[in-house]
Amino acid sequence: MKLFSLPLWAALVSAVAIAPSRTTVKRNSSPFVSTDGNSFSVNGSDFKFIGTNAYWLPVLNSNEDIWYTLGNISALGIKVVRLWAFNDVDTIPTNGTWFQLIRNSTVTINDGPNGLQKLDTVVQMAEQHGLYVILSLTNNWYPLPLLNSTTETIDSTFSARDITPGTDSSLPRNYLSNDYGGMDLYVRQFGLETHDQFYTNPSILNSFMNFTTQIVSRYVNSPAIFSWELANDARCNSTIAASPNCNTETVTQWHASTAAHVRSIDPNHLVSAGTSGFMCTDCPKLFPLNPAPAPAPSVSPAPGKKKRSKVAPVTTEQILRERAESRRRTRGAAKLAGTLKQDGTRIRGRWMSTATKRQGTQSVGSIYDGSYGVDSQDITNIPDIGFSSFTLFPDQQSYGPADPNLQPYENTVNEGVDWITKQVQSATAVGKPVALTGFGLVTQSNAPNFVPFNMTTAPYSPDVSSGITTNSTYGVTDQQQTDAYSTWLSTGIAAGLNGIIQYQWGQTNLTAETGTTISPGITGVSQDPQTTSTSPGDDTTGISPDDGYSSNGNDGVQQVLQTASQQIASD
């Protein structure tokens, strides 16, 4: 293990000149992924991909399990795997994997066989399988409450962790994607109060940059690295609230400074942000787009190349106009079908539109107004950010007002389609590639396992302690999940997404060891208060972690991914 002091990471905020990016990496025969305008390139050829998330790969109990899982992923034609390159703790666990101890403002990095050597194994095996990995360096989400002395007793085979009464304390550390440490662990252990101090406090910044240096420098020459993702879902708020001063410029500047730091260590690999893709159509920009140049004489494109036209960024006016046009279309269709749902007030037997609908000021909503402190266009235009990225999780985020003339499932699918096309437009306006780095829908069969990213409990699971075992009706059917995935994948490929990554991969027949993430009988939140295993008595094999999105149990998901892998390769 290596113990690092905290030298001041000099001139963090001023390290990056605030200037828009208009440079691209020239196409060459390098095995490292580069960019060429709006495209990815590998060895001189365009590279588009289908991927999957497997945040838990470094915590598997054997190298054989890692090899087996990566082999199954590769067999579907999947090319990129996204996973966590962080695993932070405040107490060294008895069992299992950990990368970094953050305690009382001191940081210790674990370079041992249950530390970063596990990540080394994943990267090496991914390369042998012909896979690329996106490595995320920290997490916005770490929703463990402060330790409560009234907490239930935890089984001694599991590592001590903060839980609250009523949670499923049988789930070991690292089972949930938000249980690997992250920004709020830094904030707590450095004695601070607001989530956004992670982005601005000099001591935290020094600590995080030291950790980043250790991770990035290990793989400078590895062709298996697709990109360094600075943070998963960075925003102003988390379990710990934001300060009143946090805004889009706070988060953008942190990305700019951190990206410059990573690029100073590793010039070979791309850097990406990892945000949810939230925009701020009316916010001031630290990295504004260059004004459109004067029209030049028309020049025919090179053979095999399409002529690129200037694309405008997403605007408030566009969003409101397109929503109104969509409502008119569905309203007209519903009227013809006799299923029209009125949205006004009935007066003397006639429907009258409400004043708020006709005259009120319309809002683009939180995904476009900067409420989360994220402006993905501004972040994408940072010189050291190689490509745009976004996510799609309708169970955790609203992507627009629901159309009353559509069923909830139809709204979910259509809002996803619109979100994808808006992201492509935004990235194209900047002039960089774009990838959907995580998308998912919770099914009814998987609802008992669903734990939102900012929670520690499964809100749709039965109350095991009370013996209530009624199944939840929350979620879509397996067929609806498959159909939605197919629609989003097809939309993304047609719209020009360069990469689409499903969340998350599910793997069975893994080596189970008591006290580790893959423990005997651990299959998620049990629907039967008498057992936590779907295979009682099986003490040798386990299943990969599942926070509600695992592909286990729906064979259609893998079929859709395989088909999309073939489609995007031929696009």
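Residues numbered from 1 in each chain as written. Predicted model: local features only at pLDDT ≥ 70, side-chain atom pairs only at ≥ 80, totals over all residues. Heavy atoms only, no water.

With an unreviewed UniProt entry as reference, the protein is termed mannan endo-1,4-beta-mannosidase, source organism Paxillus rubicundulus Ve08.2h10. In the Subcellular location (unreviewed entry) part of its UniProt record, the protein is described as follows: "Secreted". The heading Catalytic activity (unreviewed entry) in the UniProt record of the protein holds the text "Random hydrolysis of (1->4)-beta-D-mannosidic linkages in mannans, galactomannans and glucomannans." (UniProt positions renumbered as here; feature names shortened; annotations may be inferred.)

**Describing the sheet that holds strand 16 (residues 434-439)**
Hydrogen bonds along the backbone pair up the strands of a sheet, which may run parallel or antiparallel. With parallel pairing, the eight strands of this open sheet are ordered in space as 12-11-10-6-5-17-16-15. With one partner strand each, in any of the chains shown, strand 12 (270-272) and strand 15 (388-392) form the two edges of the open sheet. Averaged over all pairs of adjacent strands, the angle between their axes in this sheet comes to 25 degrees, without regard to strand direction. Of the strand pairs in this sheet, strand 5 (residues 49-53) and strand 17 (residues 499-502) are connected by four bridges, and their pairing is parallel. What sits directly across from T52, in strand 17, is Q502. Across the sheet, helix 10 (residues 408-430) lies against strand 15 and strand 16, angled at about 170 degrees from strand 15, the strand it touches most. With respect to the sheet, helix 11 (residues 478-495) is in contact with strand 5, strand 15, strand 16 and strand 17, its orientation differing from that of strand 17 by roughly 160 degrees. (Pairing = 2+ DSSP bridges. Helix = DSSP H or I, 4+ residues; strand = E, 2+ residues; numbered from the N terminus. Axes fitted to C-alpha atoms, helices over the stretch in contact; angles between N-to-C directions. Contact = heavy atoms within 4.5 Å.)

**Comments concerning the packing of helix 1 (residues 63-75) against helix 2 (residues 116-128)**
Helix 2 packs onto helix 1 with a crossing angle of 40 degrees between their chain directions and a minimal axis gap of 10 Å. Taken together, the axes of helix 1 and helix 2 lie oblique to each other. Relative to helix 2, helix 1 is oriented so that their crossing is right-handed. Taking contact as the criterion, the partners of N63, I66, W67 and L70 in helix 1 are, on helix 2, T121, V122, M125, A126 and Q128. Of the residues contributing to the contact of helix 1 with helix 2, the split by class is six nonpolar, three polar and no charged. (Parallel < 35°, antiparallel > 145°, perpendicular 65-115°, else oblique. Left-handed = near helix turned anticlockwise from the far one by under 90°. Nonpolar A, V, L, I, M, F, W, Y, C, P; charged D, E, K, R; others polar.)

**Quick notes on the nonpolar core**
W56, L57, V81, L135, F198, W228 and W488 are the most contacted members of the largest nonpolar core, which totals 115 residues. Element by element, the count of residues in this core is highest for helix 5 (residues 202-218), at seven residues. Listed in part, the 13 residues of the second largest apolar core include V80, Y132, A435 and I501. (Core = buried A, V, L, I, M, F, W, Y, C linked by side-chain atoms within 4.5 Å. Buried < 20%, exposed > 50% of the residue type's maximum accessible area, 1.4 Å probe, protein only.)

**Examining the packing of aromatic side chains**
The geometry of an aromatic ring pair is captured by two quantities: the separation of the ring centres and the angle between the planes. Here the structure, examined in full by the defined rule, presents 38 aromatic pairs. Look at Y55 and Y180: their rings are 5.8 Å apart centre to centre, the planes differ by 85 degrees, and that puts the pair in the edge-to-face class. One end of the pair, Y55, is in the loop between strand 5 and helix 1; the other, Y180, is in the loop between strand 10 (132-136) and helix 3 (183-189), with 125 residues separating them in the sequence. On the basis of relative accessibility, which here comes to 1%, the residue Y180 falls in the buried class. Feature note: the residues Y55, W84, F86, Y180, F393, F450, F453, Y460, Y474, Y503 and Y549 constitute an aromatic cluster, connected by ring pairs. Positioned above the aromatic ring of Y372, the side-chain terminus of R235 is 4.8 Å from the ring centre. (Phe/Tyr/Trp six-rings, centres within 6.5 Å; stacked < 30°, edge-to-face > 60°. Lys NZ or Arg CZ within 6 Å of the ring centre and 35° of its normal.)

**A word on the sheet that holds strand 3 (residues 39-42)**
Sheet architecture is open: three strands sit in the order 2-3-4, paired in antiparallel fashion. The open sheet has two free edges, formed respectively by strand 2 (34-36) and strand 4 (45-46), since each of these has just one partner strand. Strand direction decides the pairing type here: strand 3 and strand 4, joined by two bridges, are antiparallel. The residue bridging V42 from the neighbouring strand is S45, located in strand 4.

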